[in-house]
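Chain by chain, the residues run as shown.
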Amino acid sequence: MIELRPYRELGGAQHGWLDTRHHFSFADYYHPQRMGWGQLRVWNDDTIAAHSGFPPHPHRDMEIITYVRKGAITHQDNLGNSGRTAAGNVQVMSAGTGIAHSEMNTENETTQIFQIWIMPNEKGLPPKWGTKPFPKGELSGDFVTLASGCATDTEALPIRADARLVAATLKAGQSTDYSLTKGRKAYLVPASGQIEINGVLVTAGDGVAIHDEPLLHVIAQQDKINTTRKNYLKRILI
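Just so it is clear, the structure is predicted and the values come from calculations on it, not from any experiment.

Glancing now at the nonpolar core. Core analysis: the largest hydrophobic core is formed by 25 residues, its most contacted members being Trp43, Ile65, Val90, Ile116, Leu146, Ile159 and Tyr187. Core analysis: the next-biggest nonpolar cluster, separate from the first, contains 17 residues, Leu170, Tyr178, Ile195 and Ala220 among them.

Rendered as structure tokens:
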């Protein structure tokens, strides 16, 4: 099953400095059929104006992944962690027992991010944060794992959830496959351009909720297609 969720039908809000779209119920947006997808609880598509951002605020017992699509985001938290994550790279914050952080666009240009929240397998663990640059060549033509709770994904940023975030960049006409183990779900969002997945046409910003599809065949219809997805074991699905 592949359920297309068009960008124009997503929830969201405009706050002047922030233009946000919500794939799942979040803040003032409520959709009873979109409370999550397995352990995936939040997928926000945020456009943040230059020299603005999210001031210090707390989180607890949540795995928060930020994938930077354009520009950069600068993180600071009450544990003393700080760092700048640029376009194409990922940062991960395991909120654990509690962490307060700010996420600011200190650049002279607009920043675009996907922020993804995943419910952890275990609560009450110490908080932590990390970021990692991923060579752009590694994303060309095939899926690369960026963040993962699987012990075998040693090159990815670790998360405390039975989930995986992968990304790929495809040029027009290129295609790639991704296999899903029986019982897993996936959620896919193209960051730009247009793709076709198992015959379904998907445009930048659209969400695609997937289950009972053992093989995903992705074809780029336009240049510079970037896709990210998550997948989960059936036993933890809602």
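Burial along strand S16 (residues 175-179) is one-sided: Thr176 and Tyr178 are buried, and none of Ser175, Asp177 and Ser179, which face the opposite way, are. Across 5 bridges, S16 lies against strand S21 (residues 215-220) in antiparallel orientation. Bridge pairing in S21 links Thr176 to Val218.

For the rest of this paragraph, the subject is the pattern of salt bridges. In total, this model carries 7 salt bridges according to the counting rule given. Put simply, Glu3 and Arg5 hold a salt bridge, and the shortest N to O gap is 3.4 Å. Taking the relative accessible area as the measure of exposure, Glu3 reaches 28% and is therefore partly exposed. Put simply, Asp61 and Arg60 hold a salt bridge, and the shortest N to O gap is 3.7 Å.

Our next topic: the sheet that holds strand S7 (residues 72-77). Taken together, 4 strands build an open sheet; the order of strands is S5-S10-S7-S8 and the sheet is antiparallel. Single-partner strands in this sheet number two, and they are strand S5 (52-59) and strand S8 (82-86). Between one strand axis and the next, the sheet turns through 20 degrees on average, direction left out of account. Across 6 bridges, S5 lies against strand S10 (residues 99-105) in antiparallel orientation.

A few words on the layout of surface pockets. One number sums up the size of the largest pocket: a volume of about 340 Å³. Lining of the largest pocket is provided by 19 residues; of these, Leu18, His22, Phe26, Ala27 and Phe54 occupy positions nearest its centre. Of all elements in the fold, only strand S2 (11-14), strand S3 (18-22), strand S4 (40-48), S5 and strand S11 (111-118) reach the threshold of two or more residues within the lining of the largest pocket. Sorting elements by how many residues they give to the lining of the largest pocket places S5 first, with 4 residues. For the lining of the largest pocket, the per-class residue count stands at 8 nonpolar, 8 polar and 3 charged.

Attention now goes to the pairing of strand S19 (residues 200-203). The side chains of a regular strand alternate, first on one face of the sheet and then on the other. In the sheet, strand S18 (residues 194-197) pairs with S19 via 4 bridges, with the strands oriented antiparallel. When the bridges of S19 are listed, Gln194 appears paired with Thr203. Counting the residues in the hairpin turn of S18 and S19 gives 2 residues, including Asn198, whose phi is positive at 50 degrees.

Even without being a glycine, Ala27 presents a positive backbone phi close to 55 degrees. Structurally, Ala27 is set in the loop between S3 and S4. A positive phi is found at His51, a non-glycine position, where the angle reads about 55 degrees. Inspection of the secondary structure puts His51 in the loop between S4 and S5.

We now examine the sheet that holds strand S12 (residues 128-132). Remark on secondary structure: sheet strands pair via backbone hydrogen bonds, oriented parallel or antiparallel. In space, the 7 strands of this open sheet follow the order S2-S3-S4-S11-S6-S9-S12, with antiparallel pairing throughout. Unpaired on one side and paired on the other, S2 and S12 mark the two borders of the sheet. Taking each pair of neighbouring strands and ignoring which way they run, the sheet shows an average axis angle of 15 degrees. Inspection of the sheet shows strand S6 (residues 63-70) paired to strand S9 (residues 90-94) by 5 bridges, in the antiparallel sense. Within S9, the residue paired with Thr66 across the bridge is Gln91.

Take the confidence of the model for the protein chain next. When the pLDDT values of the protein chain are averaged, the result is 91; 92% of them are 70 or greater. Below a pLDDT of 50 lies the segment residues 232-238, which in the model reaches 24 contacts outside its immediate sequence neighbourhood of four places, other chains included.

So, about the environment of Asn81. Among the secondary structure elements, Asn81 is positioned in the loop between S7 and S8. Counting along the chain gives 20 residues from Asn81 to His101, while the straight-line C-alpha distance between them is 9.1 Å. When residues no more than four places from it in sequence are discounted, the contact partners of Asn81 are His75, Gln76 and Trp129. Side-chain polar atoms of Asn81 contact the side chain of Asp77, separated by 3.0 Å.

Rules and cut-offs
Residues numbered from 1 in each chain as written. Predicted model: local features only at pLDDT ≥ 70, side-chain atom pairs only at ≥ 80, totals over all residues. Heavy atoms only, no water. Core = buried A, V, L, I, M, F, W, Y, C linked by side-chain atoms within 4.5 Å. Buried < 20%, exposed > 50% of the residue type's maximum accessible area, 1.4 Å probe, protein only. Helix = DSSP H or I, 4+ residues; strand = E, 2+ residues; numbered from the N terminus. Pairing = 2+ DSSP bridges. Salt bridge = Lys/Arg side-chain N within 4 Å of Asp/Glu carboxyl O. Axes fitted to C-alpha atoms, helices over the stretch in contact; angles between N-to-C directions. 1 Å grid on protein atoms, 1.4 Å probe; cavity = no way out; pocket = protein on both sides within 12 Å on 5 of 7 lines; lining within 4 Å. Points joined across faces, edges and corners; volume = space filled by probe spheres on them. Nonpolar A, V, L, I, M, F, W, Y, C, P; charged D, E, K, R; others polar. pLDDT = per-residue confidence, 0-100. Contact = heavy atoms within 4.5 Å. Polar contact = N/O pair within 3.5 Å; in protein donor to acceptor, adjacent residues only side chain to side chain.

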